[in-house]
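Chain by chain, the residues:
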Amino acid sequence: MAKAEITFDSVMADLKTGRYKPVYYLMGTEDYYIDAISSYIEQHVLTDVEKEFNQTVIYGADTDIANVINTAKRYPMMAEHQVVIVKEAQNIKNIEDLLYYVQKPLESTILVLCHKQGTLDRRKKLAGEIEKIGVLYESKKLKDAQLPAFIENYVSKTGLKIDNQAVELMVEYVGGDLNRLTGELDKLAFSCKNSLIITADLVEKNIGISKEFNVFELKNAILDRNILKANRIINYFENNPKNNPIQMTVAYLFSFFSMLMQAYYAPERTDQGVASFLGLKSPWAAKDYMRGMKVFSGVKTMQIIGELRETDAKSKGIGNTSLSDGDLMKELLFKILH
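Residues numbered from 1 in each chain as written. Predicted model: local features only at pLDDT ≥ 70, side-chain atom pairs only at ≥ 80, totals over all residues. Heavy atoms only, no water.

**Details of the packing of aromatic side chains**
On inspection of all chains with the given rule, the structure shows nine aromatic pairs. Plain terms: the ring middles of Phe256 and Tyr289 are 5.1 Å apart, the flat faces sit at 15 degrees to each other, and that makes the pair stacked. With Phe256 in helix α13 (residues 246–263) and Tyr289 in helix α15 (residues 287–295), the pair connects residues that are 33 residues apart, well separated along the chain. Like Phe256, the residue Tyr289 is buried in the burial classification. Here a set of aromatic residues connected by ring pairs shows up, and it is made of Phe8, Tyr32, Tyr33, Phe150 and Tyr154. (Phe/Tyr/Trp six-rings, centres within 6.5 Å; stacked < 30°, edge-to-face > 60°. Helix = DSSP H or I, 4+ residues; strand = E, 2+ residues; numbered from the N terminus. Buried < 20%, exposed > 50% of the residue type's maximum accessible area, 1.4 Å probe, protein only.)

So this is what it looks like as C-alpha cells:
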C-alpha cells in the first residue's frame, strides 16, 4: 500500500487534532506554507506559560547542527513537550549529521526545521529516516491556474465570498507571491465592512488599480474593437509602467487568447458548453470567450497568439534594439485589431 502524500492540509489537520510528530522538516520554494505550519506550531502547541522554558527559536546562520541536536535533546520543564524551531535551516552546514538524532529522537521534543528556497536530497538517508518518524514536507509554488481556487478558499475561511472579476484582478495584479496575496486579502476582508462579498471595486480601491485603465478593460476594448479606448489604455500603461509592466499585460492577453483558441474546439458552443470544456466554474465565466469567437476567427486567434509571443520576446530584448515598451504595445494592438 502506497504511503499517503504529505500535503499542507494533511499536516495542518494532524496539528489541529494534537497529533504531533517529533520532527518536521519543512522545505521548498513556497515560503507561505512553511511559515504557516511553523507559525501554527509556535503559537498553539504550548501555552504562554509553558513557552517560557520550553520553546526555542534558532536561526540557521547563527548555529550549527551540534547545537540544534543538543537543544532538541533537552527534556521539557513542567510541560508535555518542548518545541525547537530552526528558521533558515538551509544555512546549517553538515545537515546530514541530523541523522544521528532522527534515528533516536526525543519523543517529548517537537523539532521543526524550516528550509526555504531549496530541498533536502531525498536520495540521502536523512530524508528517508525523517519520513519514517516525522514529517518531510515539500512546499511548492502554485501554478497560475491554481491561484483562483487558492484565493476563493482563503477568503471563504473568513466567512466572506469574492466575485470572479475580483479574483482575476488579484491574480493579475498581485500574482503568485502567497504571503503578499494573503496579506492583501486580509486587508480586503477588513475593508469589507457592510458586505459579505469582496468585489472588483473594493480590490481597485484598496490595491491601487485604475478602475478605467487595467488589463480587463483593455481586453474588453479589444473585444468591442474600440480602437480609441484600447489606445487610451495603452497610453496610460506607458505612462505608469510600474503598475502595468508590459510582460504582465502580454501574459494576460496570451492566457486569454490561448483559452479562446481552445474554446473553438468545444463540442457545444454555448455558455454552458464552453465553460464545461474549458473547466470554468460557471457559464458566466465563458461570456468573454463567446464574445471572442464572434469577433475573431480561429485563424486570426492563432495569428494573435503568434504576435503575443513575438512581443513578449521583443520586450525582453530579443530581436528588438529600439522600440520602447509603449511602442511595442501599440504595434501589438494594431496587429490584433487589423
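Right, picking up where we left off after that structure.
**Observations regarding the pairing of strand β5 (residues 135–139)**
Most of β5 sits inside the fold, with four of its five residues counted as buried. Sheet analysis places strand β1 (residues 23–28) next to β5, joined by four bridges and oriented parallel. Each bridged residue has a counterpart across the sheet, and for Leu26 the counterpart in β5 is Tyr137. (Pairing = 2+ DSSP bridges.)

**Considering the nonpolar core**
Ranked by size, the top nonpolar core spans 87 residues in total, and within it Met170 and Phe257 carry the most contacts. Considering each element in turn, this core owes the most residues, 11 residues, to α13. Residues within four places of Phe257 in sequence aside, it is in contact with Ile222, Phe296, Thr301, Ile304, Ile305, Leu308 and Ile336. Counting 25 residues, the second-largest nonpolar core is a separate cluster that includes Ile58, Ile65, Ala72 and Leu126. (Core = buried A, V, L, I, M, F, W, Y, C linked by side-chain atoms within 4.5 Å. Contact = heavy atoms within 4.5 Å.)

**Re the sheet that holds β1**
The parallel open sheet is built from five strands, whose spatial order is β2-β3-β4-β1-β5. The outermost strands of the open sheet, each flanked by one partner alone, are β2 (55–59) and β5. Between one strand and the next, the sheet's axes are offset by a mean angle of 15 degrees, whatever the strand orientation. Where β1 and strand β4 (residues 109–116) come together, six bridges link them in parallel fashion. Note on β4: the bridge partner recorded for Gly28 is Lys116. Running at roughly 165 degrees to strand β3 (residues 82–87), helix α4 (residues 65–72) makes contact with β2, β3 and β4 of the sheet. (Axes fitted to C-alpha atoms, helices over the stretch in contact; angles between N-to-C directions.)

**Points about α13**
Here α13 spans 26 Å end to end across 18 residues, near enough to the 26 Å set by a 1.5 Å rise per residue. Within α13, 13 of the 18 residues are buried, leaving the element largely enclosed by the surrounding structure. (Expected span 1.5 Å × (residues − 1).)

**A closer look at the pairing of β2**
Pairing of β2 with β3 involves five bridges; the strand directions are parallel. When the sheet's bridge partners are listed, Tyr59 is paired in β3 with Lys87. For the crossover from β2 across α4 to β3, the handedness is right-handed. (Right-handed = clockwise from strand over helix to strand, strands pointing away.)

**Points about the environment of Glu331**
One can find Glu331 in helix α17 (residues 325–337). Taking relative accessible area as the criterion, Glu331 reaches 28% and is therefore assigned partly exposed. Placed 148 residues apart in sequence, Glu331 and Gly183 show a C-alpha to C-alpha distance of 37 Å. The residues contacting Glu331, other than those within four sequence positions of it, are Lys314 and Leu323.

**Here's the deal with a nonpolar patch on the surface**
On the surface, a cluster of nonpolar side chains totalling about 390 Å² of accessible area is made up of Phe53, Met77 and Met78. Structurally, the position occupied by Met78 is in the loop between α4 and β3. (Patch = residues over 30% accessible without salt bridge, like charges linked within 9 Å, V, L, I, M, F, W, Y side chains within 5 Å. Areas by Shrake-Rupley, 256 points an atom, 1.4 Å probe, with all protein chains shown as cover. Salt bridge = Lys/Arg side-chain N within 4 Å of Asp/Glu carboxyl O.)

**Regarding the packing of helix α16 (residues 298–315) against α17**
Close contact between α16 and α17 brings their axes to 10 Å; oriented N to C, the two are set at 170 degrees. What the angle tells us is that α16 and α17 run roughly antiparallel. Across the interface between the two elements, Lys300, Ile304, Glu307, Leu308, Thr311, Lys314 and Ser315 from α16 touch Leu328, Glu331, Leu332, Lys335 and Ile336 from α17. Residues of the contact of α16 with α17, tallied by class, amount to five nonpolar, two polar and five charged. (Parallel < 35°, antiparallel > 145°, perpendicular 65-115°, else oblique. Nonpolar A, V, L, I, M, F, W, Y, C, P; charged D, E, K, R; others polar.)

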